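Descriptive analysis of the structure
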Amino acid sequence: LPLICVASIYVIFWVHRRFVKDEMITNAILFGLATLTILVLLVLRPGALLSVILLSLVVALMHGVSNMVTMQVPLYFTAMNRVSTATGLLNAVIYAGSTLSAYGIGALTDLGGWDLTQWIWGLLCAIGLVVFVIERPIWVRYKKKYLEQ
């Protein structure tokens, strides 16, 4: 899994720099792919090996979102001398979410089983997709007004 995550960073950032060039769109694409991957898991109910591969893909995609948010977005705050502040704040939010999910996923699985957990993951990924799509115009206006001077 660590090798997959490291490789995913290189692939995701290469695709981002070469084709997309917009952090919000890249993140929306990653959330969309994760949503589709989870739906494939839920609908096809593949065997153990394919399930592990698909879940590894979901982890890699979410790792890409995390790194895109913490490595790419704070660079826009260079002119304001706030790169470290932006990175620290974003990392704090990501770690808080990670902590909550570590306990929450276990409780959710105990409560409703593995299928419910995967449905919730799919729903959360779909929400992430919608949030980045809705947020993009707001971020573009903010960048033009405050960060690209």
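Use the structure listed above.
Residues numbered from 1 in each chain as written. Predicted model: local features only at pLDDT ≥ 70, side-chain atom pairs only at ≥ 80, totals over all residues. Heavy atoms only, no water.

1. Quick look at the overall build of the protein
When helices and strands are counted, the protein shows 4 helices and 0 strands. For the protein, the sequential pattern of α-helices and β-strands runs α-α-α-α. In terms of its C-alpha atoms, the protein occupies a principal-axis envelope of roughly 50 × 30 × 30 Å. Sorting the 149 residues of the protein into buried and exposed places 34% on the buried side. Counted over contacts in the protein with a minimum sequence separation of 6, partners at least 24 positions apart contribute 72%. By element, 73% of the accessible surface of the protein is carried by carbon and sulfur atoms, the whole surface being about 9,300 Å². (Helix = DSSP H or I, 4+ residues; strand = E, 2+ residues; numbered from the N terminus. Buried < 20%, exposed > 50% of the residue type's maximum accessible area, 1.4 Å probe, protein only. Contact = heavy atoms within 4.5 Å. Areas by Shrake-Rupley, 256 points an atom, 1.4 Å probe, with all protein chains shown as cover.)

2. Some thoughts on the packing of helix H1 (residues 2-20) against helix H3 (residues 48-72)
As a packed pair, H1 and H3 sit with axes 9 Å apart at the nearest point and diverge in direction by 60°. With respect to each other, H1 and H3 are oriented oblique. H1 and H3 meet at a crossing whose hand is right-handed. Between H1 and H3, the contacting residues are Ile-4, Cys-5, Ser-8, Ile-9, Ile-12, Phe-13 and His-16 on the first element and Ser-56, Val-59, Ala-60, Leu-61, His-63, Gly-64, Asn-67, Met-68, Met-71 and Gln-72 on the second. Partitioned by chemical class, the residues of the contact of H1 with H3 number 10 nonpolar, 7 polar and no charged. (Axes fitted to C-alpha atoms, helices over the stretch in contact; angles between N-to-C directions. Parallel < 35°, antiparallel > 145°, perpendicular 65-115°, else oblique. Left-handed = near helix turned anticlockwise from the far one by under 90°. Nonpolar A, V, L, I, M, F, W, Y, C, P; charged D, E, K, R; others polar.)

3. Re the nonpolar core
Grouped together as the largest cluster of nonpolar side chains are 23 residues, with contacts concentrated most on Val-65, Phe-77, Phe-132 and Trp-139. Counting residues per element, the ones that place at least two in this core are H1, helix H2 (23-44), H3 and helix H4 (83-147). For this core, the element with the highest residue contribution is H2, accounting for 7 residues. Excluding residues within four positions of it along the chain, Val-65 makes contact with Asn-27, Leu-30, Phe-31 and Phe-132. (Core = buried A, V, L, I, M, F, W, Y, C linked by side-chain atoms within 4.5 Å.)

4. Some words on the pattern of salt bridges
All chains considered together, the criterion is met by 2 salt bridges. Between Asp-22 and Arg-136 there is a salt bridge, with its nearest N and O atoms 2.7 Å apart. Of this pair, Asp-22 sits in the loop between H1 and H2 while Arg-136 is found in helix H4, placing the two residues 114 residues apart along the sequence. According to the relative accessible area criterion, Arg-136 is partly exposed, its value standing at 31%. With a closest N to O distance of 2.9 Å, Asp-115 and Arg-45 form a salt bridge. Within this pair, whereas Asp-115 is found in helix H4, its partner Arg-45 is found in the loop between H2 and H3, the two being separated by 70 residues in sequence. Assessed through its relative accessible area of 53%, Arg-45 is described here as exposed. (Salt bridge = Lys/Arg side-chain N within 4 Å of Asp/Glu carboxyl O.)

5. Some remarks on H4
The terminal C-alpha atoms of H4 lie 11 Å apart, and with 65 residues this falls more than 12% below the ideal 96 Å at 1.5 Å per residue. All buried positions along H4 are accounted for by Ala-86, Leu-108, Thr-117, Gln-118, Gly-122, Cys-125, Gly-128, Phe-132, Trp-139, Val-140, Lys-143 and Leu-147. In the core, the buried residues of H4 are packed alongside H2 and H3. (Expected span 1.5 Å × (residues − 1).)

6. Notes on the environment of Pro-74
Its place among the elements puts Pro-74 in the loop between H3 and H4. Given a relative accessible area of 1%, Pro-74 falls into the buried group. For the pair Pro-74 and Thr-87, spaced 13 residues apart in sequence, the C-alpha to C-alpha distance is 5.6 Å. If we ignore the near neighbours within four places in the chain, the residues touching Pro-74 are Val-69, Val-83, Ala-86, Thr-87 and Leu-90.

Any functional reading would require information beyond the geometric quantities listed.
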